[in-house]
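Structural description and commentary
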Amino acid sequence: MAELGIDRLPGRQGVWVALCGNARVWGGGGVVGLFALIALFAPVLAPQDPLWQDLMLYQMPPAWLPGSEPGYWLGTDSLGRDLLSRLIHGTQVALIVAVVAAGAAGALGVLLGLMAGYFGGWVDALISRLIDVWVAFPPVLLSIVLVAVLGAGLHSVIIAIAVIDWTRFARVVRAEVLVQKEQDYVASAVTIGLGRWRILFGEVLPNVAPLVLVLFTMEMAIAVIVETILSFVGLSVASDRPTWGGMIAEGRQVIYEAPWMMLMPIGCLIALVLALNALGDGLKTALDPVLRR
Amino acid sequence: MPIGFLVNRLVLAIPTLFGVSVVVFVLLRVVPGDPIAMMIPPGAGQEDIDRLRVLYGLDRSIPEQYGIWLGQALTGDFGTSISLRSDVLGLVLQRLPATLELAALALLIAGALATGLAVLGTASRGRWPEAVVDGVTGTVQAIPDFVWGLLFILALGVLMPVLPISGRFDPRIEIDFATGFYLIESLARFDLDTAAMLLRHAILPAVALALPLTAVLARLLKSSLSEAMTQDYVQVAKVRGFGPGRLIVREAMRNALIPTVALSSVQVTFLIGGTVLVERIFSYPGIGNMAIGAVINRDLPLIQGLVLTFAVLFIAINLVADLTYAALNPRVRRG
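Since the model is a prediction, treat every value here as computed from it, not as a measurement. (Residues numbered from 1 in each chain as written. Chains lettered and ligands numbered in written order. Predicted model: local features only at pLDDT ≥ 70, side-chain atom pairs only at ≥ 80, totals over all residues. Heavy atoms only, no water.)

Glancing now at the overall build of chain A. When helices and strands are counted, chain A shows 12 helices and zero strands. Starting at the N terminus and ending at the C terminus, chain A contains elements arranged as α-α-α-α-α-α-α-α-α-α-α-α. Residues counted as buried form 53% of the 293 residues belonging to chain A. Restricting to contacts in chain A with at least 6 residues of sequence separation, those with at least 24 account for 74%. (Helix = DSSP H or I, 4+ residues; strand = E, 2+ residues; numbered from the N terminus. Buried < 20%, exposed > 50% of the residue type's maximum accessible area, 1.4 Å probe, protein only. Contact = heavy atoms within 4.5 Å.)

Below, the discussion takes up the interface of chain B and chain A. Contacts between chain B and chain A engage 38 residues on the former and 30 residues on the latter. Carbon and sulfur atoms supply 88% of the area that chain B and chain A bury against each other, a total of about 2800 Å² over both sides. Of all residues in chain B, B:Leu150, B:Leu154 and B:Val295 bury the most surface against chain A, accounting for 18% of the area lost on that side. Joining chain B to chain A, the criterion identifies zero salt bridges. Applying the counting criterion to the chain B and chain A interface returns one residue pair in polar contact (both at pLDDT 80 or more). Listing elements by their share of the side of chain B that touches chain A, those giving two or more residues are helix H1 (3–29), helix H6 (128–142), helix H7 (145–159), helix H11 (244–281), helix H12 (287–296) and helix H13 (300–328) of chain B. (Buried area = accessible area lost by both parts, 1.4 Å probe. Salt bridge = Lys/Arg side-chain N within 4 Å of Asp/Glu carboxyl O. Polar contact = N/O pair within 3.5 Å; in protein donor to acceptor, adjacent residues only side chain to side chain.)

All right, on to the nonpolar core then. Ranked by internal contacts, the top residues of the largest apolar core, which has 130 residues, are A:Val97 and A:Trp244. Both of domain 1 (3–73) and domain 2 (89–334) of chain B provide at least three residues apiece to this core. (Core = buried A, V, L, I, M, F, W, Y, C linked by side-chain atoms within 4.5 Å. Domains from an automatic or database assignment.)

All names here are of chain B. Axis separation between helix H9 (residues 192–229) and H11 bottoms out at 7 Å; the angle between their running directions is 150°. It follows from the interaxial angle that H9 and H11 lie roughly antiparallel. Crossing hand, H9 versus H11: right-handed. In terms of residue class, the contact of H9 with H11 is made up of 21 nonpolar, six polar and no charged. (Axes fitted to C-alpha atoms, helices over the stretch in contact; angles between N-to-C directions. Parallel < 35°, antiparallel > 145°, perpendicular 65-115°, else oblique. Left-handed = near helix turned anticlockwise from the far one by under 90°. Nonpolar A, V, L, I, M, F, W, Y, C, P; charged D, E, K, R; others polar.)

Another aspect to go through is the confidence of the model for chain B. Residues at a pLDDT of 70 or more form 95% of chain B, whose mean pLDDT is 84. As scored by the predictor, the complex reaches a pTM of 0.84 and an ipTM of 0.80. (pLDDT = per-residue confidence, 0-100.)

Remark: the empty space left among the atoms is shown by a probe the size of a water molecule rolled over them. Residues and elements named next belong to chain B. Using the criterion set out here, one finds one cavity of 30 Å³ or more in the structure. Here the largest cavity is characterised by a volume of approximately 60 Å³. Glu 101, Leu 102, Arg 168, Leu 183, Leu 198, Ala 202 and Tyr 284 are the residues that line the largest cavity. For the lining of the largest cavity, the secondary-structure elements that each account for two or more residues are helix H5 (88–123) and H9. (1 Å grid on protein atoms, 1.4 Å probe; cavity = no way out; pocket = protein on both sides within 12 Å on 5 of 7 lines; lining within 4 Å. Points joined across faces, edges and corners; volume = space filled by probe spheres on them.)

To continue, consider the layout of surface pockets. All names here are of chain B. By volume, the second largest pocket amounts to about 620 Å³. In terms of lining residues, the second largest pocket is bounded by 23 residues, among which Leu 107, Ser 264, Val 268, Ile 317 and Val 320 are the most central. Those elements that provide at least two residues to the lining of the second largest pocket are H5, H9, H11 and H13. The dominant element in the lining of the second largest pocket, judged by the number of residues it contributes, is H11, at eight residues. Of the residues belonging to the lining of the second largest pocket, the class tally is 17 nonpolar, six polar and no charged.

The subject of this paragraph is the packing of aromatic side chains. All names here are of chain B. Overall, the coordinates contain 14 aromatic pairs over all chains when judged by the stated rule. Note on Phe 25 and Trp 69: the rings are 5.9 Å apart at their centroids and 50° apart in plane angle, and the pair reads as tilted. Here the residue Phe 25 occupies a position in helix H1, and Trp 69 occupies one in helix H4 (residues 62–74), the gap between them amounting to 44 residues. The two residues Phe 25 and Trp 69 agree in class, both being buried. (Phe/Tyr/Trp six-rings, centres within 6.5 Å; stacked < 30°, edge-to-face > 60°.)

The next subject is the domain arrangement of chain B. All names here are of chain B. Per the domain assignment, the segments making up chain B are domain 1 (3–73) and domain 2 (89–334). Distance between the C-alpha centres of domain 1 and domain 2: 33 Å. Contacts between the two partners involve 18 residues from domain 1 and, on the opposite side, 15 residues from domain 2. For the domain 1 and domain 2 pair, buried surface summed over both sides reaches about 1500 Å², with 77% attributable to carbon and sulfur atoms. Along the contact surface separating domain 1 from domain 2 lie zero salt bridges. The tally of links from domain 1 across to domain 2 stands at one residue pair in polar contact (both at pLDDT 80 or more). Sorting the residues of the side of domain 1 that touches domain 2 by element identifies H1 and helix H2 (35–39) as the ones contributing at least two each. The element best represented in the side of domain 1 that touches domain 2 is H1, accounting for 13 residues.

With that out of the way, let us pick up the confidence of the model for chain A. Residues and elements named next belong to chain A. Scored by pLDDT, chain A has a mean of 83; 89% of the residues are at 70 or more. Mean pLDDT across the secondary structure elements of chain A bottoms out at helix H1 (residues 2–8), with 40, and peaks at helix H5 (residues 83–119), with 93. Here residues 1–10 scores under 50 on pLDDT; set against residues more than four positions off or in separate chains, the count is 10 contacts.

Among the structural elements, A:Arg252 can be located in helix H11 (residues 244–253). One buried charged residue, A:Arg252, forms no salt bridge at all, with the nearest opposite charge on A:Glu257 at 9.2 Å. Beyond its immediate stretch of four places on either side in the chain, A:Arg252 contacts A:Met262, B:Leu150, B:Ile153, B:Ile165, B:Ser166, B:Ile281, B:Phe282 and B:Ser283. (Lys, Arg positive; Asp, Glu negative; His and termini not counted.)

This paragraph deals with the packing of H5(B) against H6(B). All names here are of chain B. It is at 8 Å that the axes of H5 and H6 come closest, and there the two elements cross at 145°. Considering only the axes of H5 and H6, their crossing is left-handed. Within the contact between the two elements, H5 uses Leu 117, Leu 120 and Gly 121 and H6 uses Glu 130, Val 133 and Thr 137. Here the contact of H5 with H6 is built from residues that sort into three nonpolar, two polar and one charged.

Shown next as structure tokens:
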């Protein structure tokens with residue numbers, strides 16, 4: 001079993017043994033990887049230009065339903081645009097937001113969490129207070145106000161997610177740094193005269209990195225959901241860029257004529273979110289003994 | 001109920017609301033983009049624009065604007081909605097009952113489902129039903145409420161059209177009620193046909209809102225129940241020969257509810273937050289749906305009023321959760 005490798009020593013090898021033995025890491029990671037590949041090679045994979053309209057072929061059903069049009073595997077939308085191509089390009093937007101927004105929230109949260117945990121004193125008091133205030137402000141209100149302030153667009157989606165969700169990283173990282181600070185390796189680093197920032201980023205950060213990775217994966221799932229929500233209500237990217245949320249909104253309008261139209265982007269959303277959650281859960285279990293909790 | 005505690009919490013709510021109103025007010029007014037531009041016809045002269053700016057007070061400094069707004073707000077005047085051209089307080093109060101009824105229904109459903117799942121999971125500890133409960137709650141929790149809503153619309157509104165998927169009531173039916181709480185009022189009047197019609201409209205959005213909360217509550221309650229089951233008093237009851245059903249429901253539940261209630265207030269605020277999108281999807285005429293419209297139209301007075309309304313709701317939920325906690329937990333009640 002995987003535990004054998006871990007119990008002995010939380011070395012690099014133990015981590016890999018634990019990761020490889022975890023089905024959720026494999027399953028979740030596989031699906032996420034597939035979506036990542038689709039996003040990366042979207043222009044190559046999409047059979048058509050996602051914006052090209054063929055008004056003669058509007059609301060064509062997908063290939064397995066009667067009346068479908070050859071070449072349009074998932075059918076077309078109300079403007080005769082190829083749904084498969086739009087879905088593929090929408091994957092790109094979803095993953096860009098997931099990575100950039102989760103990365104921004106993570107960078108901000110990890111930095112503040114590291115500082116609060118390691119420096120203590122007034123720095124900790126200030127940051128902890130800020131976290132308390134932030135968490136008390138419900139995310140819905142904050143996102144309504146932020147999007148109202150920043151206006152629609154991909155940048156405001158990313159900023160909104162980072163500004164709202166940095167606390168998720170900061171709280172956990174702070175608590176973990178408090179534990180790490182008492183470890184021998186930090187004392188050794190202090191003894192040999194390394195600077196505070198050097199210890200923080202060179203020594204402590206690598207040791208909280210597995211934890212940050214778990215949080216990052218979970219945050220990506222949240223970011224994908226938020227992007228879909230905002231593009232659904234028309235507050236995300238400009239309407240000439242296909243998004244899952246935008247496709248859901250279009251499908252909702254013609255739900256009686258073309259019920260399948262909404263199903264595909266919803267299916268993609270559910271698959272990606274469940275996969276990211278499974279990956280995060282799996283990573284957490286696999287890396288837990290390494291973090292000694 | 002401890003009156004002092006209640007008063008204390010209400011007094012604490014005042015600075016919170018004040019803070020929220022300042023932050024929102026300032027944020028909304030430092031944005032580039034002119035709300036007046038939204039409401040004038042193309043080709044309107046500068047003179048007309050200036051007149052409107054003065055009318056809405058937008059020509060003054062931000063602290064001045066806030067002072068005026070606060071003074072009026074304290075008398076119940078929250079300004080005039082720019083996009084709907086109507087009194088903000090009136091608009092919000094007109095829509096609020098719809099959201100409150102929907103949220104209350106969702107909360108009832110979540111509580112009932114979560115209790116059932118948690119009891120089932122605890123009773124079947126170590127056997128396959130527990131694994132099913134864990135699997136179901138895990139999956140249900142990962143999928144957000146609005147996605148459930150969309151799936152319900154597809155499944156039960158379109159593919160198998162058994163329930164209405166938009167609005168709060170059948171527009172063909174005349175509704176002549178004294179309050180905005182249609183469901184409660186129709187039940188109070190024993191007008192069961194109308195109540196059933198309202199329920200049929202509310203059930204899908206309510207279940208969609210309830211599902212993620214159900215999963216969280218079921219997990220919390222199940223783990224507290226499992227812990228309570230190992231306590232001495234439950235063991236004593238077991239030795240005395242009580243069956244598992246009685247052990248869980250009569251002995252362990254009361255204590256297991258305490259941590260669940262304590263942790264659930266945040267989750268309930270998420271449910272209220274969820275109404276924003278779920279109402280939109282079901283074209284349900286509540287304040288959540290209105291909030292999205294207000295943001296799209298950059299209707300500053302309306303956004304301000306709605307955000308404050310949500311803040312009041314969140315404070316009220318926390319207060320109710322604290323009071324429930326105190327009522328359940330004798331240590332808090334006496335201390």
